[in-house]
Amino acid sequence: MINIYGITRKKLENYFLENGEKTFKALQVFEWLYQKREKNVDDWSNLKKEIRARLLEDYSFEMPRIVKKECDELTHKYLFELFDHNFIEAVVMFHDYGISVCVSSQIGCNMGCAFCESGRLKKVRNLETFEMVAQIILIEEEIKKRVSSVVIMGIGEPLDNYDHVMDFIDIINDSKGLQLGIRHITLSTSGLVPKIQDLMKRDIQINLAISLHAPNDEIRNKLMKVNKVYSISQLICSIKEYIEYTNRRVTIEYVMLKGINDSDDCAKELAILLKGMNVYVNLIPYNETNHLEFKKSTPKRIAKFCQILKEKGLNVTIRKEFGSKISAACGQLRSKEVER
Ligand code: SAH
Ligand code: SF4
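From a predicted model like this one, the values you see are computed outputs, not experimental measurements. What you see as residue numbers is a count from 1 along each chain, following the sequence as written. Written order decides the labels, with chains lettered from A and ligands numbered from 1. A pLDDT threshold of at least 70 governs which residues receive local features in this predicted model, and a stricter bar of 80 or more applies before side-chain atom pairs are shown or counted, although totals over entire chains, interfaces and linings include all residues. With hydrogens and water stripped out, all remaining heavy atoms of the structure feed into the side-chain values.

A.B. asks: Describe the site of ligand 1, and please don't skip the residues or the numbers.
C.D. replies: Near is defined per residue: the residue qualifies when any heavy atom it owns lies within 4 Å of the molecule or strand. In the vicinity of ligand 1 there are 20 residues, among which Gly156, Ser188, Ser211, His213 and Asn287 approach most closely. Polar contacts, as counted here, are pairs of nitrogen or oxygen atoms within 3.5 Å of one another; within protein the pair requires one atom able to donate a hydrogen and one able to accept it, and residues that are adjacent in sequence qualify only if both atoms are side-chain atoms. Ser188 places a polar side-chain atom, nitrogen or oxygen, 2.6 Å from an oxygen atom of ligand 1. Protein contact buries 93% of the 530 Å² of open area that ligand 1 shows by itself. When residues of the shell around ligand 1 are traced back to their parent elements, those giving at least two are β10 (185-189), β12 (250-256) and β13 (279-285). Charged residues are taken to be Asp, Glu, Lys and Arg, nonpolar residues to be Ala, Val, Leu, Ile, Met, Phe, Trp, Tyr, Cys and Pro, and polar residues to be all remaining types, Gly included. Taken together, the residues that form the shell around ligand 1 break down as ten nonpolar, eight polar and two charged. Per-residue accessibility takes into account occlusion by the displayed protein chains alone, with areas from the Shrake-Rupley method and a 1.4 Å probe. The helix and strand labels rest on DSSP assignments: H or I over at least four residues marks a helix, E over at least two residues marks a strand, and numbering proceeds from the N terminus.

A.B. asks: Residues and numbers for the site of ligand 2, please.
C.D. replies: Contacts to ligand 2 come from Cys109, Met111, Gly112, Cys113, Cys116, Gly119, Gly156, Glu157 and Ser190. Looking at the shell around ligand 2, its residues break down into four nonpolar, four polar and one charged.

A.B. asks: Quick rundown of the packing of aromatic side chains? Include the residues and the values.
C.D. replies: A ring pair, where both rings are aromatic, is described by two values, the distance of the centres and the angle of the planes. Pairing of aromatic rings covers Phe, Tyr and Trp, the last counted by its six-membered ring, and requires centre-to-centre distances within 6.5 Å; plane angles under 30 degrees mean stacked, over 60 mean edge-to-face, and any other angle means tilted. What the rule picks out here adds up to nine aromatic pairs. Considering the side-chain rings of Tyr15 and Tyr59, the 5.0 Å spacing of their centres and the 65° angle between planes classify their relative orientation as edge-to-face. Residue Tyr15 is found in helix α1 (residues 9-18), and its partner Tyr59 is found in strand β2 (residues 59-60); the two are separated by 44 residues along the sequence. For every residue, the accessible area (1.4 Å probe, protein chains only) is compared with the maximum for its type, and the residue is labelled buried under 20%, exposed over 50%, or partly exposed between those bounds. Judged by its relative accessible area of 10%, Tyr15 falls in the buried class. An angle of 65° between the planes, with centres 5.0 Å apart, marks the rings of Phe30 and Tyr34 as edge-to-face. Highlighted residues: Phe30 and Tyr34, both in helix α2 (residues 24-35), separated by four residues, approximately one helical turn.

Purely spatial values, then, with no claim about function.
Okay, structure coming up:
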């Protein structure tokens, strides 16, 4: 059965039309689901009894469960069990400017990046839209606060689950849904060029982040299999096109791996590659995992790398480290659970 938390308002309006009802019923349903958060459909007082009965027949209202939680001061990490007993995770970060949630988009990931824990365990399936919406709703219930931004940077490649992720963005951005400002939603991709173009044409004003991680094909081929399909020059071309079309600045993510991509020469090459583009570079301190041999760059090395990029005129920041004490590296909590 289709889960109600995965239906966009537009789709729900069509459902009501097909059933000979007025479209504003969809708005009422959204208010109960996302504003009043009333789980008991029998209490949806402004909808006729027949409509409520029909909704209960046509849709599932069930939610996955949080089965584990790891916390430190500024980070909470949640493990969810889905109906088919698969596990996914989401991380909450408490910043001075608000609360952000990092959501997963797939169970595992098929992109197979060499340094990534999520890629080590292959993709089991795409997440359904409601399974992404549920991560936010359940976390808001748990922390008893509203979330102010969402990053689609957990387990999975979101553009490999395109339709569900687009519906997810629609629902969380909806003024009658979770009401997250479109500019407070960030999607991170390993660089599926045709999907970046599809996303561009939708012209929604989300933040796009690209996992570049290397200044040339030689290094990127070793780190990211996807580079053998879409090379750096193709990727850069599509980013330029995206910036031009949407008039939005794009974030370039660059995970700092000791001895692999963190030399002065790499920084200089990266500066040339990104020259003149409206991008902002985010240097990510690597989260080491037990299974993979990659090491994090030293803080000194990261600072030097950052300095070079700045001197070359790029906007660059070093990502604040969150939750390394609680195995917050992408996919670690889940892989522990799967291996148990
Ligand atoms: N699949 C998408 C989004 C999920 S990964 C993507 O690759 O962009 C989100 C980010 O975390 C990516 O930039 C990824 O390269 C990075 N990442 C993966 N494993 C990491 C680790 N152990 N430490 C730090 N960053 C990591
Ligand atoms: Fe998948 Fe992203 Fe991990 Fe690569 S870094 S394996 S694309 S989740």
